[in-house]
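Residue-level structural notes
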Amino acid sequence: MRKELDLPQIDEGKLDEVEALITAIADKEPGAAEAELQTLAALTGKTYTEVEFTEYWSWTDLDTLARLTLAPEPPCVPDLTQEETEELVRRIQHCSVTGQEWAMRYDLQLLRRSLSLPNVMDFIASGEDVEQIAESLLQAAR
């Protein structure tokens, strides 16, 4: 598989600081977290708004959100092969079973961007075998 499809390494040394910043942003009144947002941007190289962290606990946990915040944006790889798509589907399925939510979300976003499909998880959760899921994803993207 191409290097750009590898799951990125997360700087574990920054994880506690990012978690503390996310918690501080979520706990502040709207418009009061500019300093934390700037610090977060300096740590991650990405720009965020307060709303991205408001009530995050309703859709994910702090560890997952911190890891996604530290991870680079997934690339758009418009020429995914059948084999690469199969491998990404396998990784997503494995992550959903093992509880590696941040990695699953990263790979889902990579497939969404690369295939321009908003409902990638519908294909993956279809119950079909990996080869069929990959073929269906690639066909739907055409």
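1. As for the overall build of the chain
- On a plain count of helices and strands, the chain comes out with 7 helices and 0 strands.
- Overall, the C-alpha framework of the chain stretches about 50 × 30 × 25 Å when taken along its three principal axes.
- Sequence separation of 24 or more characterises 66% of the internal contacts of the chain that already satisfy a separation of 6 or more.
- When the accessible surface of the chain is summed, it comes to about 7,800 Å², and 49% of that surface belongs to carbon and sulfur atoms.
- Of the side chains in the chain, 12 bear a positive and 29 a negative charge, and the two mean positions are spaced by 4 Å.

2. Quick look at unusual backbone geometry
- A positive phi angle, close to 50 degrees, is found at glutamate 55, a residue other than glycine.
- A relative accessible area of 47% places glutamate 55 in the partly exposed class.
- Its identity is not glycine, yet serine 116 carries a phi of approximately 55 degrees, on the positive side.
- In this fold, serine 116 is placed in the loop between α5 (101–115) and α6 (120–124).
- For serine 116, a relative accessible area of 62% translates into the label exposed.

3. Notes on the packing of helix α4 (residues 82–98) against α5
- Contact geometry of α4 with α5 gives a least axis separation of 8 Å together with a crossing angle of 150 degrees. On the basis of their axis angle, the class for α4 and α5 is roughly antiparallel. Of the two possible hands of crossing, α4 and α5 adopt the one that is left-handed. Contact residues: Thr85, Leu88, Arg91, Ile92, Cys95 and Ser96 in α4; Ala103, Met104, Asp107, Leu108, Leu110 and Leu111 in α5.

4. Considering the pattern of salt bridges
- Counting across every chain of the model gives 13 salt bridges.
- A salt bridge links glutamate 84 to arginine 2, with the nearest nitrogen and oxygen atoms 2.6 Å apart. Here glutamate 84, found in helix α4, pairs with arginine 2, found in the segment before α1 (15–27); they are 82 residues apart in sequence, far enough to count as distant.
- Residue classification places glutamate 84 among the buried positions, given a relative accessible area of 8%.
- What makes arginine 2 partly exposed here is its relative accessible area of 23%.
- The closest approach of N and O atoms between arginine 90 and glutamate 131, which form a salt bridge, is 3.6 Å. Of this pair, arginine 90 sits in helix α4 while glutamate 131 is found in helix α7 (residues 130–141), placing the two residues 41 residues apart along the sequence.
- Judged by relative accessible area, which is 38%, glutamate 131 ranks as partly exposed.

5. With respect to the packing of helix α3 (residues 62–70) against α5
- The contact between α3 and α5 brings their axes to 8 Å, and the two run at 45 degrees. Of the possible angle classes, the one that applies to α3 and α5 is oblique. Handedness of the α3/α5 crossing: right-handed. Contacts from Thr64, Arg67 and Leu68 in α3 reach Glu101, Trp102, Arg105 and Tyr106 in α5.

6. As for the environment of glutamate 55
- Inspection of the secondary structure puts glutamate 55 in the loop between α2 (34–44) and α3.
- For the pair glutamate 55 and arginine 105, spaced 50 residues apart in sequence, the C-alpha to C-alpha distance is 18 Å.

Definitions and cut-offs
Residues numbered from 1 in each chain as written. Predicted model: local features only at pLDDT ≥ 70, side-chain atom pairs only at ≥ 80, totals over all residues. Heavy atoms only, no water. Helix = DSSP H or I, 4+ residues; strand = E, 2+ residues; numbered from the N terminus. Contact = heavy atoms within 4.5 Å. Areas by Shrake-Rupley, 256 points an atom, 1.4 Å probe, with all protein chains shown as cover. Lys, Arg positive; Asp, Glu negative; His and termini not counted. Charge placed at Lys NZ, Arg CZ, Asp CG, Glu CD. Buried < 20%, exposed > 50% of the residue type's maximum accessible area, 1.4 Å probe, protein only. Axes fitted to C-alpha atoms, helices over the stretch in contact; angles between N-to-C directions. Parallel < 35°, antiparallel > 145°, perpendicular 65-115°, else oblique. Left-handed = near helix turned anticlockwise from the far one by under 90°. Salt bridge = Lys/Arg side-chain N within 4 Å of Asp/Glu carboxyl O.

Fair warning: the whole summary comes from geometry, so function is off the table for now.
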